[in-house]
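# Chain and residue survey
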Amino acid sequence: MSDPISDLIAAADARLGPKGVISDPADIAPWLSDWRGRIHGQARAILAPASTGEVVGIVRLAAEHRVPLVPQGGNTGMVAGATPPADGSAVLLSLRRMNRIRSISADNRLAVAEAGVILATLHDAADEVGMRFPLTLGARGSCTIGGLTSTNAGGTQVLRFGTMRALVAGVEAVLPDGSLHNGLSGLKKDNRGYSLDQLLIGAEGTLGVVTAAALRLVPAIAGRAVAWAGVDTPSGALALLRWLEARTSAIEGFELVPASSLELVLRHIPGTRAPLAGEHPWHVLIEATTADAGASIAAELEQLLGEALDSRIMGDAVIAASEAQAEGFWRIRDSIAEAERAEGQTLAHDISVAVADMPRFVVDATTAVERAFPGTSVSAFGHLGDGNIHFHVRAGSRAAPDWYEVEGERISRLVDDLVTAAGGSISAEHGIGQLKKAELARLDPDRVRTLRAIKQALDPLGIMNPGKLVS
Ligand SMILES: Cc1cc2nc3c(=O)[nH]c(=O)nc-3n(C[C@H](O)[C@H](O)[C@H](O)COP(=O)(O)OP(=O)(O)OC[C@H]3O[C@@H](n4cnc5c(N)ncnc54)[C@H](O)[C@@H]3O)c2cc1C
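All of these numbers come straight from a predicted model, not from anything done at the bench. (Residues numbered from 1 in each chain as written. Predicted model: local features only at pLDDT ≥ 70, side-chain atom pairs only at ≥ 80, totals over all residues. Heavy atoms only, no water.)

## Remarks on the packing of aromatic side chains
Scanning all chains against the criterion turns up two aromatic pairs. The aromatic ring of Tyr404 is capped on one face by Arg38, whose charged end is 3.7 Å from the ring centroid. (Phe/Tyr/Trp six-rings, centres within 6.5 Å; stacked < 30°, edge-to-face > 60°. Lys NZ or Arg CZ within 6 Å of the ring centre and 35° of its normal.)

Laid out in structure tokens, this is it:
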């Protein structure tokens, strides 16, 4: 029997050929749930165009048949933004076949990559021309340029290079009416009104389909030094960062790690070792880099940390003596979430407040949450220098198996209220997707009204990623 979804799939089949339409339920199944495996959707097909022209054709067909599309890259997003609705009313639009790096130029300091290019592939390509794309994160082997752009992803180098908003020079995107926006020229100066590129960055696929992006490159790293330091408090950690920044411009990573998170990693992640001999309530992982082959970044960092120690800015520090040890330090930081999962149930919040307010926020919010929900414990870790902390609430050892489902909403409401009262954001780098939609509407109705007006203007038929952000 004919219905709009069947009609769309048949028309897409005629246009894209067999490689472009996946309709075997076994092949679709892995792409129907979010990365954390908590939200499940349904879709009768994955449409997988291989060129911008094919995306234009599919979006026009979707508009004609009034069938919504859910754009999807690597499906590593943290807020179920790429998970289709549970009622099967939409189809998935995978960009993974659009995986060409169209151009890469050290002279222009730009790469133009299609939406389906995996982040690690771009890193390798930049390396080959003596350059670097300075954004990285734990999912670099799976996440795509389209997904990173559409979530305005951050990661561990934001301190120096900014989020995708700073690194994307322009995008090519198919808008919901099937028209093409081409912003790939990478012009440094372009004042033709509203920035459509910036509107599409962080839009979570609700305003159009990103098909390619022009990405800013920086010179490749000639040397890096990685250190681990112990401090007494989060404000001591921020003081150390500011002290270092006043003396060098080489700091590009500065990650806060509480002692409780370090202990969990050492307990659950094989092969990890405590970097420092003594005990400290808080730790920081510091990375300094240089593009100057003649500079000794390790010697510079060592001297600075020695002076910081003498000035009692911090308790103790060690510099990684080898690449393997440097990787070992990063492994501790990158394994915190995995160690938490091994320990028990955890409720994750990705929040930001003004950088200077973060130390106090961490201490006060931890006390407030642990008092309101006895038995829980908070791990606040991550990008202190960006004012962005992963505020994770762990269930106690005696928590019920359904603690997450029963208590999760109440705990998150308290965390989100505390963040809002501090003038912060309930989503620093992961986006809103499905998971944060109700909280955004509760806490910031004026913002949601404006976002909805933009959505309505560009996508009056509501065919782009329904049920996400504001739709
Ligand atoms: C281990 C791990 C570590 C992570 N660390 C970080 C981190 O440090 N910082 C950070 O910011 N994020 C982090 N993330 C989250 C995630 O990697 C990012 O959100 C990433 O940008 C998602 O890319 P993706 O290709 O997987 O997108 P998907 O998950 O497929 O999609 C994400 C959103 O973008 C939309 N979308 C995807 N492609 C397109 C397109 N071409 N056009 C329009 N819309 C599109 C989707 O509809 C969805 O709303 C991490 C994830 C994991 C699993």
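## Considering the pattern of salt bridges
Applying the stated criterion across every chain, the model contains 20 salt bridges. A salt bridge links Arg242 to Glu245, with the nearest nitrogen and oxygen atoms 2.8 Å apart. Of the two residues, Arg242 and Glu245 are both situated in helix H9 (residues 234-245); the distance of three residues between them amounts to about one turn of the helix. Exposure remark for Arg242: the relative accessible area of 40% places this residue in the partly exposed category. You can call Glu245 partly exposed: its relative accessible area is 31%. Here the residues in one salt-bridge network are Arg100, Arg102, Glu114 and Glu172, joined through shared partners. (Salt bridge = Lys/Arg side-chain N within 4 Å of Asp/Glu carboxyl O. Helix = DSSP H or I, 4+ residues; strand = E, 2+ residues; numbered from the N terminus. Buried < 20%, exposed > 50% of the residue type's maximum accessible area, 1.4 Å probe, protein only.)

## Side note on empty space enclosed by the protein
The full count for this structure, using the stated rule, is one cavity of 30 Å³ or more. Empty space within the largest cavity amounts to approximately 40 Å³. Every residue lining the largest cavity is listed: Gly155, Thr156, Val158, Leu159, Glu252, Phe254, Glu255, His383, Gly385 and Asp386. Listing elements by their share of the lining of the largest cavity, those giving two or more residues are helix H6 (158-161) and strand E13 (251-258). Per-element accounting of the lining of the largest cavity gives the leading share, three residues, to E13. (1 Å grid on protein atoms, 1.4 Å probe; cavity = no way out; pocket = protein on both sides within 12 Å on 5 of 7 lines; lining within 4 Å. Points joined across faces, edges and corners; volume = space filled by probe spheres on them.)

## Quick notes on the site of the ligand
Surrounding the ligand, one finds 34 residues, the nearest of these being Pro71, Gly73, Thr76, Gly77 and Thr144. Here an oxygen atom of the ligand sits 2.8 Å away from a polar atom, N or O, in the side chain of Thr151. Contact with the protein chains hides 93% of the accessible area of the ligand, taken as 970 Å² for the molecule alone. Looking at which element gives the most residues to the shell around the ligand, the answer is helix H5 (residues 145-150), with four residues. Tallied by class, the residues present in the shell around the ligand amount to 13 nonpolar, 19 polar and two charged. (Near = heavy atom within 4 Å. Polar contact = N/O pair within 3.5 Å; in protein donor to acceptor, adjacent residues only side chain to side chain. Areas by Shrake-Rupley, 256 points an atom, 1.4 Å probe, with all protein chains shown as cover. Nonpolar A, V, L, I, M, F, W, Y, C, P; charged D, E, K, R; others polar.)

## Looking at the pairing of strand E14 (residues 282-290)
By the criterion of burial, E14 is predominantly enclosed, with nine of the nine residues buried. Of the two faces of E14, the one carrying Trp282, Val284, Ile286, Ala288 and Thr290 and the one carrying His283, Leu285, Glu287 and Thr289 are both buried. In this sheet, E14 lies alongside strand E12 (residues 223-231) in antiparallel orientation, the contact comprising nine bridges. Across the sheet, Val226 pairs through a bridge with Glu287, a residue of E14. Sheet topology note: the E13/E14 ladder contains seven bridges and is antiparallel. The residue bridging Pro258 from the neighbouring strand is Trp282, located in E14. (Pairing = 2+ DSSP bridges.)

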